[in-house]
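# Inside the fold
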Amino acid sequence: MRWGFLVLLLWALPTQSAAQDPAVLIADQVFIAADRVLVAQGNVEVIQGQSQLTARSIRYDQSTGALSIEGPIRLTDGEETLILADAAELDEDLRNGLLYGARVILAQQLQIAAQRIDRVDARFNQLSRATATSCRICDNGRAPLWQIRARRVIHDQIEKQLYFDEAQFRILDVPVFYLPRLRLPGPGLDRATGFLVPSIRTTSLLGTGLKIPYFIRLGRSRDLTITPYFSSATRTIELRYRQAFSRGRMQFSGALTRDDQQVDGTRGYVIGVGAFSLPRDYQLTFDVEAVSDIAYFPEYDYSDKDRLTSQVTVSRARRDAFIRGSLYHFESLREEDINDNLPTLVFDADYERRFFPARVGGELRLRLQAHAHQRNATLDIDGPDEDDVVDGRDVARIHGEAKWLRRFISDVGIIADVQSSLSFNFFNILQDATFEQSQSEFLARTAVALRYPMMRQNAGGATHMLEPVMQVAWASGEALDVPNEESSRVEFDEGNLLSLSRFPRPDRQERGRVLAVGLNWARFDPAGWDAYATLGQVYREKSNPAFSVSSGLSGTASHFLIAGQVRTPIGLAVSGRSLIDENFNIAKAEVRGDYGFSRGHIGGRYVWLNSDELEDRDQAISEIFFDGSYDIDKHWRVRADWRYNVADDRAASAGFGVSYDNECVSINLSVSRRYSSSTSVEPTTDFGFNVGLRGFAARSGAETYTRSCKR
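Calculation criteria
Residues numbered from 1 in each chain as written. Predicted model: local features only at pLDDT ≥ 70, side-chain atom pairs only at ≥ 80, totals over all residues. Heavy atoms only, no water. Helix = DSSP H or I, 4+ residues; strand = E, 2+ residues; numbered from the N terminus. Rg over C-alpha atoms; globule rule 2.2 N^0.38 Å. Buried < 20%, exposed > 50% of the residue type's maximum accessible area, 1.4 Å probe, protein only. Contact = heavy atoms within 4.5 Å. Areas by Shrake-Rupley, 256 points an atom, 1.4 Å probe, with all protein chains shown as cover. Lys, Arg positive; Asp, Glu negative; His and termini not counted. Charge placed at Lys NZ, Arg CZ, Asp CG, Glu CD. Phe/Tyr/Trp six-rings, centres within 6.5 Å; stacked < 30°, edge-to-face > 60°. Lys NZ or Arg CZ within 6 Å of the ring centre and 35° of its normal. Core = buried A, V, L, I, M, F, W, Y, C linked by side-chain atoms within 4.5 Å. Disulfide = S-S within 2.5 Å. Pairing = 2+ DSSP bridges. pLDDT = per-residue confidence, 0-100. Salt bridge = Lys/Arg side-chain N within 4 Å of Asp/Glu carboxyl O. Polar contact = N/O pair within 3.5 Å; in protein donor to acceptor, adjacent residues only side chain to side chain.

## Some thoughts on the overall build of the protein chain
Within the protein chain one finds one helix and 42 strands. Computed over its C-alpha atoms, the radius of gyration of the protein chain comes to 35 Å, more than 25% above the 27 Å expected for a compact globule of 711 residues. For the protein chain, the spread of C-alpha atoms along the principal axes amounts to about 110 × 75 × 55 Å. Counting all 711 residues of the protein chain, 40% fall into the buried class. Considering only intrachain contacts with a sequence separation of at least 6, the fraction spanning at least 24 residues in the protein chain is 45%. With an accessible surface of roughly 38,300 Å², the protein chain has 56% of that area assigned to carbon and sulfur atoms. Of the charged side chains in the protein chain, 83 are positive and 94 negative; the average position of the first set lies 8 Å away from that of the second.

Here you go:
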């Protein structure tokens, strides 16, 4: 019997249970031979559950339930496993049997060739005399870049594990090392206990060392990574613990070290983060940061931080309400800082509600804030002490405010933003005899800001916007004689040009009459040429001594604020901001640029900060930073970064790296130099080398680096 393109549903196979999916057979020709064997020929396809098989011909013996298959055979088992073979003997549901001259391709990454595959329970594939590689194999007979040969390989499709017996690792067909037993994660496996990719690190201080990370899967939601780091100058154990919960997550990293840099003690660090969802929409977050000494981070390249912050915060944000409570612990790693003389323990809490009163319109905001900080020093500040005893000052503050805001738009397009507020502050100052202990104030403020946006579109489709702005503000009373603990750093930019107060915290407020004027310009072009610019200045009735010189706000007339940005269709973006006085002296300036193109990017930044005693800056800061990367081709990439201190006429840091990636290997080589003038932190040069084999575990990304077989 013959049929063209016949579809035959094999519902009545005697060994098939009712719980299994029926098998579907599609072929050009199907007939029953004299021995009652079903024969399918020509573009044969069998579908059974998630398994799909194509072949040249299939013979099905109904009495035994066996399938004899002639290749070329293509067996797809789910989304991760593809088997190619010359011939096969399988049972009727494709779960058990033998395949000859076969190759297994896992997640389109790793291929394993074998003389024979024993298929067991649709879970285990046992490959005899197998060769595994993720490198592309060309027809020119050349060996792949790397391969693993083994007497037997077992692939567990459920656990996604690969087990090698008598494994031999080869590079360009040259044996490198032999392992009697080897277990590797299969492609697509995110987490499995075992060794991770080792790395080599060489520094001028610690010598050449080897890091061998070992990953331990503690369960579905927990894992631990232990990384021994050994060199001639250090014995270090690095640790990382991660755990996920139904309502949150946390991670801790740390290290313990005995080295030649400090022969009489153990060094180390710990950094932890966590975030959890609490009932009633509350969120809990925490950070933990601690280190044994100020030189540990730069010597081991664990972090660039020079001030550590540990905190725990509980908060809730809703449409019309916000509440937050935070407890902080600060520690400075800067050599010039004395931690006992700095606020170490800080408490900060905020509560804010919004209302929209129908009678008066606009928006009403109610805010209550509490703040307190404590120093470790226990002596009062009462003038110079003998024997360089460190004094300390502790401050507690409560701030409350009611603010009303409303916007009006006239018929001619003038926008008026009106805001008024009533607030109070209460201070309690301890351990400082130079200030009165308890002080309080009530403050009334009001401001009116006017804008007149004007827009025009030219023939090319570009839209121009020009907007003059002005704000008149007034605040009552005189400033209290309290220490400036929270608002010592003031930034004047286009974001707070129109503001009731430009101090970052409520412990300081601007007083008297203040006038701010400015001009905004923007251009939006469908072709990609976008730009904006802001020019502004602030005038006040009398100067405020709390504003430092470099803030640009000291005196009765501020520095000119100039800010702008340009974006081009070729990927170039440049932005800058500067504060310039009437004599063209620059207090602060910053210019950033970035150019992204098809093969990489180039970025740079220049920063200038004038010397300022109120901001604890004895000399000006002038720095240039550059970084970039370039793809030489689809395999090779180079990258570099450089930071130069113009004021000191010396380099601060420099780095260079080169990487090679293809479908089967990833190689990274890097060198970096950290310069330092500190007596506690020595300059160091760091070399890094890492080689990773692709094709095992989870994909690293969507990039493809397949090489060509052309000579």
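Additional details are given in the paragraphs that follow.
## Notes on the packing of aromatic side chains
Applying the stated criterion to the full structure yields 20 aromatic pairs. An aromatic cluster is present here, built from Tyr229, Tyr269, Tyr296, Phe297, Tyr300 and Tyr302 joined pairwise through their rings. One residue, Lys211, lies across the ring of Tyr229, its end atom 5.0 Å from the ring centre.

## Quick word on the environment of Leu206
Topologically, Leu206 is positioned in the loop between β15 (199-203) and β16 (207-211). Residue classification places Leu206 among the buried positions, given a relative accessible area of 1%. Once the C-alpha coordinates of Leu206 and Ser231 are considered, the two residues, 25 residues apart in sequence, prove to be 6.9 Å apart. Leaving out residues up to four positions away in the same chain, Leu206 has contacts with Arg201, Tyr229, Ser231, Ser232, Ala233, Thr234, Gln261, Glu299 and Tyr300.

## With respect to the nonpolar core
Core analysis: the largest hydrophobic core is formed by 45 residues, its most contacted members being Leu53, Ile69, Ile112 and Phe164. Leu497, Phe503, Val538 and Leu561 belong to the second-largest nonpolar core, a separate cluster that totals 14 residues.

## Brief notes about the state of the cysteines
Overall, the coordinates contain one disulfide when judged by the stated rule. Note on cysteine connectivity: Cys135 is disulfide-linked to Cys664, with sulfurs 2.1 Å apart. Across the S-S bond of Cys135 and Cys664 the torsion is about 85°, and the bridge reads as right-handed. Of this pair, Cys135 sits in the loop between β10 (124-133) and β11 (146-156) while Cys664 sits in the loop between β40 (650-661) and β41 (665-674), and the two are 529 residues apart along the sequence. Residues Cys135 and Cys664 agree in their burial class; the two are buried.

## Considering the pairing of strand β19 (residues 234-245)
Where strand β18 (residues 222-231) meets β19, nine bridges bridge the pair, whose relative direction is antiparallel. Counted as the bridge partner of Pro228 is Ile237 from β19. Between β18 and β19, which follow one another and run antiparallel, lie two residues. For β19 and strand β20 (residues 248-259), the ladder comprises twelve bridges, and the chain directions are antiparallel. Bridge assignment links Tyr241 to a residue of β20, and that residue is Phe252. The turn joining β19 and β20, which pair antiparallel and follow one another in sequence, is formed by two residues.

## Concerning the confidence of the model for the protein chain
When the pLDDT values of the protein chain are averaged, the result is 87; 93% of them are 70 or greater. In the predicted structure, residues 1-19 sits below a pLDDT of 50 and forms 39 contacts with residues beyond four places in sequence or in another chain.

## Topic: the pattern of salt bridges
If you walk through the whole model with that rule in mind, you get 52 salt bridges. Arg242 is the partner of Asp223 in a salt bridge, and the nearest nitrogen-oxygen pair spans 3.0 Å. Highlighted residues: Asp223 in strand β18 and Arg242 in strand β19, separated in sequence by 19 residues. Judged by its relative accessible area of 28%, Arg242 falls in the partly exposed class. Several salt bridges converge on common partners, so that one network encompasses Arg324, Asp348, Asp350, Arg367, Arg397, Glu486 and Arg505.

## Observations concerning the pairing of β40
For strand β39 (residues 636-645) and β40, the ladder comprises ten bridges, and the chain directions are antiparallel. Looking across to β40, one finds that Asn645 is bridged to Arg650. What sits between β39 and β40 in their antiparallel hairpin is a turn of four residues, with Asp649 showing a positive phi close to 55°. Linking two consecutive strands that pair antiparallel, namely β40 and β41, is a turn of three residues.

## A word on unusual backbone geometry
The backbone phi angle of Asp173 is positive, close to 65°, even though this residue is not glycine. Located in the positive-phi region is Asp281, a residue other than glycine, with phi close to 70°. Mapped onto the elements, Asp281 comes out in the loop between β21 (267-277) and β22 (283-291). Take Asp281: its relative accessible area is 49%, and that puts it in the partly exposed class.

## Quick word on the environment of Gln509
If you trace the backbone, Gln509 turns up in the loop between β31 (463-475) and β32 (512-524). Exposure remark for Gln509: the relative accessible area of 7% places this residue in the buried category. A sequence separation of 64 residues divides Gln509 from Arg445, and the C-alpha atoms of the two residues are 9.9 Å apart. Those residues in contact with Gln509 that lie beyond four places of it in its chain are His399, Leu443, Arg445, Ser501, Phe503 and Asn544. A distance of 2.7 Å separates polar atoms of two side chains, one belonging to Gln509 and the other to Arg445. One polar contact links the side chain of Gln509 to the main-chain carbonyl oxygen of Pro506, over a distance of 3.4 Å.

## Observations concerning the side chain of Thr684
With respect to the helices and strands, the residue Thr684 is situated in strand β42 (residues 684-693). When near neighbours in sequence (up to four residues on either side) are disregarded, Thr684 contacts Thr203, Ser204, Leu205, Pro298, Ser672, Arg673 and Arg674.

## Overview of the environment of Glu623
Along the chain, the position of Glu623 falls in strand β38 (residues 621-631). Expressed as a C-alpha distance, the spacing of Glu623 and Ala167, which sit 456 residues apart in the sequence, is 54 Å. Glu623 has contacts with Arg605, Tyr606, Val607, Arg643, Tyr644, Asn645 and Val646, leaving out every residue within four places of it along the chain. At 3.0 Å, the side chain of Glu623 forms a polar contact with the side chain of Arg643.

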